[in-house]
Amino acid sequence: MAEGIMAERGRMDRVRGDRHPERDRNQALTALTMDPEKIRGKHAALCFATMAVMLGLPLWWKTTETYRASLPYAQIGQLDSLLLRLRVPVSVVFIQGSLPIVDQQKLPFTVVNERDVPLKCKMKLKCRFQQAYRMAGSHEERALKMDTIQEAEAALPSPKEDTVGSLNIFVIPEKSSLLPQDKMSYVGPKRTAFVRGAQGRQALTVIGQRVLQVAQSMSLTDDVLAAALGDRLPEDKRSDDKRRPLKASLGYEITFSLLNPDPKSHEVHWDIEGAMESFVQPFLSLFGALGNFSMDSQILYYAMLGVTPRFDAASSSYTLAAHSLPHVINPVEARLGSSAASLNPVINFLLYVPERAHSPLYIQDKDGARVATNAFHSPRWGGIMVYNVDPKAYNTTKFPVKVNVDMVQVMEVFLAQMRLLFGIPYPQMPANFVLAGPPSEGLRSWELDRLLWARTVENLATVTTTLTSLAELLDKIGNIVIKDDVASEVYRAVDAVHDAIVELAAGNLNSAFHASREAVTSSEKAFFDPSLLHLLYFPDDQKFAIYIPLFLPMAVPIFLSMIKIILENQKIRKDIEKVD
């Protein structure tokens, strides 16, 4: 009886258990997951991890990122393939009788001649001569009835087209006596030239060729372009003579030095202040657009050339051979000391009075002949002149001998060397041309224009190289800071380049030069900005060395807590499976 009762109760309990399986499972899950301490720990770890990932990392990334202002990379990339059109406005004025009447009825009209300059880069260069043909006015007709070409040139009214970079060419009758019979053209000191006319059916064609020849000789010659472009020209277009000009700069310092190696024998006096005021200052006043000039002078005693002259028994004199001249500069330059404290290019002019033991001293050229000026110059450095003392001065027993330097002779040499250093060689004209001498300042107006053409093209080529190199550097090294002022200088340089290109195409040489100079200034400010080097040498391994001690103490506990939470969740999942 008792056993039957017990069996019945067991069956009743199994029936009740079968009726509430979900409740028993929930009770088991509650027992596994409802530990308050564990829940708080999990919540705290998850909260710290969420704050570190969602708030801390973005905030750290934003506050420690390298600031890089945007740059016009696309426009800089297009600078290498620029098209430069150098437009030269030429006003061609015909005098009565210089052109057949049939052709006179065709005036006025404009003729354009354009030629390509071959370059070994993507940049394209075109020289465009825009010739505006017209008949002369009454004032011009009266002026050209003078007896000489110089009087006619002086009597001509100032033309409206007499701007920087422009030319005015007057066509005179073919039989005019203003020019010698064997001469075809006259090039004056200003922007004016005269060309003989022609008769016949092909008169305009013949005159056009003569006008074009004159215009090219007075403006965009091969020498001018070679001095401006340098290495961008093909090898056959370059020579050592075309590498002479000084690089474009915002300023230049000119130093005149008197070297007296034997003060016991020579007491040298030179009026350098008067010479600079009378000769150098008027010459440099024409270069006001190129930069600022400063001048100083000094006297160096016991300053030797560093090269022992060779005695020539035939002439009883001493000589310096051409191959020894490069060795003269280095020992002397160490005594000058002018370039060490200057940020601008320094141009040195040295007047050397040889010691009595090596007098007279003469410089020889490569062929062994004496140099007429007894001087030589070094490209982009300066010039040296040897000034010999009159041998009759040594016929005395009283020393030192007083030596008064002829500054006119010296300054003629130094100014000629200065022309070469600035890229203004003596103009080479065809044999049938008459070339007028320069004015008192020593420089013709169209020679200055040629220098501005060269400097403008050189500036644009320099800006192209500078900005391209800067863009490649900043693109390659991503941790260089690009500040807003650096970016603004880059944008200003790019805009100035485009302005210069527009002005060149319009024939406004003066405006184009100033725009190109502004472009050079802005590009160099951006390229040499000190902030660009702030993080240049800060490699990634140093970043890890700095940030690991900061993040490791915080990251390790959070990382271990996440691992612990994951392991506990896996254990709970297994326990739940057992309950099921």
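A brief report on the enclosed structure follows. Treat the numbers as computed from the prediction; the structure is a model and nothing was measured.

Definitions and cut-offs
Residues numbered from 1 in each chain as written. Predicted model: local features only at pLDDT ≥ 70, side-chain atom pairs only at ≥ 80, totals over all residues. Heavy atoms only, no water. Pairing = 2+ DSSP bridges. Helix = DSSP H or I, 4+ residues; strand = E, 2+ residues; numbered from the N terminus. Axes fitted to C-alpha atoms, helices over the stretch in contact; angles between N-to-C directions. Contact = heavy atoms within 4.5 Å. Patch = residues over 30% accessible without salt bridge, like charges linked within 9 Å, V, L, I, M, F, W, Y side chains within 5 Å. Areas by Shrake-Rupley, 256 points an atom, 1.4 Å probe, with all protein chains shown as cover. Salt bridge = Lys/Arg side-chain N within 4 Å of Asp/Glu carboxyl O. Buried < 20%, exposed > 50% of the residue type's maximum accessible area, 1.4 Å probe, protein only. Core = buried A, V, L, I, M, F, W, Y, C linked by side-chain atoms within 4.5 Å. Domains from an automatic or database assignment. Parallel < 35°, antiparallel > 145°, perpendicular 65-115°, else oblique. Left-handed = near helix turned anticlockwise from the far one by under 90°. Expected span 1.5 Å × (residues − 1).

1. Considerations on the sheet that holds strand E1 (residues 83–94)
One key point about sheets: their strands pair by backbone hydrogen bonds, in either a parallel or an antiparallel sense. Judged by pairing direction, the sheet is mixed, and its seven strands sit side by side in the order E2-E3-E1-E4-E6-E5-E17 without closing on themselves. Of all the strands in the sheet, just strand E2 (109–117) and strand E17 (433–435) have a single pairing partner and so form its edges. Between one strand axis and the next, the sheet turns by 20° as a mean value, whatever way the strands run. As paired strands, strand E4 (residues 167–172) and strand E6 (residues 192–196) are joined by five bridges and run parallel to one another. Paired with valine 171 across the strands is valine 195, a residue of E6. Across the sheet, helix H8 (residues 203–218) lies against E1, E2, strand E3 (124–135), E4, strand E5 (185–187), E6 and E17, angled at about 125° from E3, the strand it touches most.

2. Thoughts on a nonpolar patch on the surface
Nonpolar side chains collect at one region of the surface, where Ile548, Leu552, Val556, Phe559, Leu560, Ile563 and Leu567 lie side by side and expose about 650 Å² of accessible area between them. For valine 556, a relative accessible area of 38% corresponds to the partly exposed category.

3. Digging into the nonpolar core
Counting residues in each nonpolar core, the largest one holds 113 residues, and the members touching the most others are Leu86, Phe94, Phe256, Phe287, Leu351 and Met418. If you tally residues by element for this core, the top one is helix H13 (residues 445–476), at 13 residues. Both domains that meet at this core, namely domain 1 (83–229 + 429–443) and domain 2 (246–422), each give it at least three residues. Other than its neighbours up to four places away in sequence, phenylalanine 256 contacts Trp270, Ile272, Met276, Val280, Met295, Asp296, Ser297, Gln298, Phe349, Met411 and Phe414. Leu325, Ile329, Tyr352 and Leu361 belong to the second-largest nonpolar core, a separate cluster that totals 20 residues.

4. A short note on the pairing of E1
Where burial is concerned, most of E1 is hidden: nine out of the twelve residues are buried. Bridge count for E1 against E3 is twelve bridges, and the pairing is parallel. Bridge assignment links valine 93 to a residue of E3, and that residue is arginine 134.

5. Quick word on the sheet that holds strand E7 (residues 251–260)
Across the sheet, five strands lie side by side as E9-E7-E12-E15-E14; this open sheet has mixed pairing. Each edge of the open sheet is held by one strand with a lone partner, namely strand E9 (292–301) and strand E14 (375–378). Adjacent strand axes in the sheet meet at a mean angle of 15° when their direction is disregarded. Bridge analysis of E7 against strand E12 (residues 346–352) gives seven bridges, and the strand direction is parallel. Bridge pairing links leucine 259 to tyrosine 352 in E12. With respect to the sheet, helix H12 (residues 407–421) is in contact with E7, E12, E14 and strand E15 (382–386), its orientation differing from that of E12 by roughly 150°.

6. Examining the packing of H13 against helix H15 (residues 509–527)
The N-to-C vectors of H13 and H15 enclose an angle of 30°; their axes lie 8 Å apart at closest approach. Relative to H15, H13 is oriented roughly parallel. Between H13 and H15 lies a crossing whose hand is left-handed. When H13 is examined against H15, the residues Asp449, Leu452, Trp453, Arg455, Thr456, Asn459, Leu460, Val463, Thr466, Leu467, Ser469 and Leu470 are found in contact with a partner set consisting of Leu509, Ala512, Phe513, Ser516, Arg517, Ala519, Val520, Ser523, Ala526 and Phe527.

7. Some words on H13
One turn of the α-helix equals 3.6 residues, which is why residues spaced by three or four share an orientation. Look at H13: 47 Å from first C-alpha to last across 32 residues, which is about the 46 Å you get at 1.5 Å a residue. Counting buried positions over the 32 residues of H13 gives 24, a clear majority of the element.

8. Quick look at the environment of phenylalanine 287
Summarising the element assignment, phenylalanine 287 is placed in the loop between helix H10 (272–285) and E9. Ignoring anything within four residues of it in the chain, the contact list for phenylalanine 287 reads Phe293, Phe422, Ile424, Leu443 and Leu451.

9. Comments concerning the pattern of salt bridges
Under the criterion given, the structure shown has ten salt bridges. Where glutamate 114 meets arginine 128, a salt bridge forms, and the shortest distance between an N and an O atom there is 3.1 Å. You can see glutamate 114 sitting in strand E2 and its partner arginine 128 sitting in strand E3, a full 14 residues away along the chain. The exposure class of glutamate 114 is partly exposed, given its relative accessible area of 36%. Judged by relative accessible area, arginine 128 falls into the partly exposed class, the value being 25%. Among the salt bridges present, the one from glutamate 140 reaches arginine 134, with a minimum N-O distance of 3.0 Å. Owing to a relative accessible area of 9%, glutamate 140 belongs among the buried residues under this scheme.

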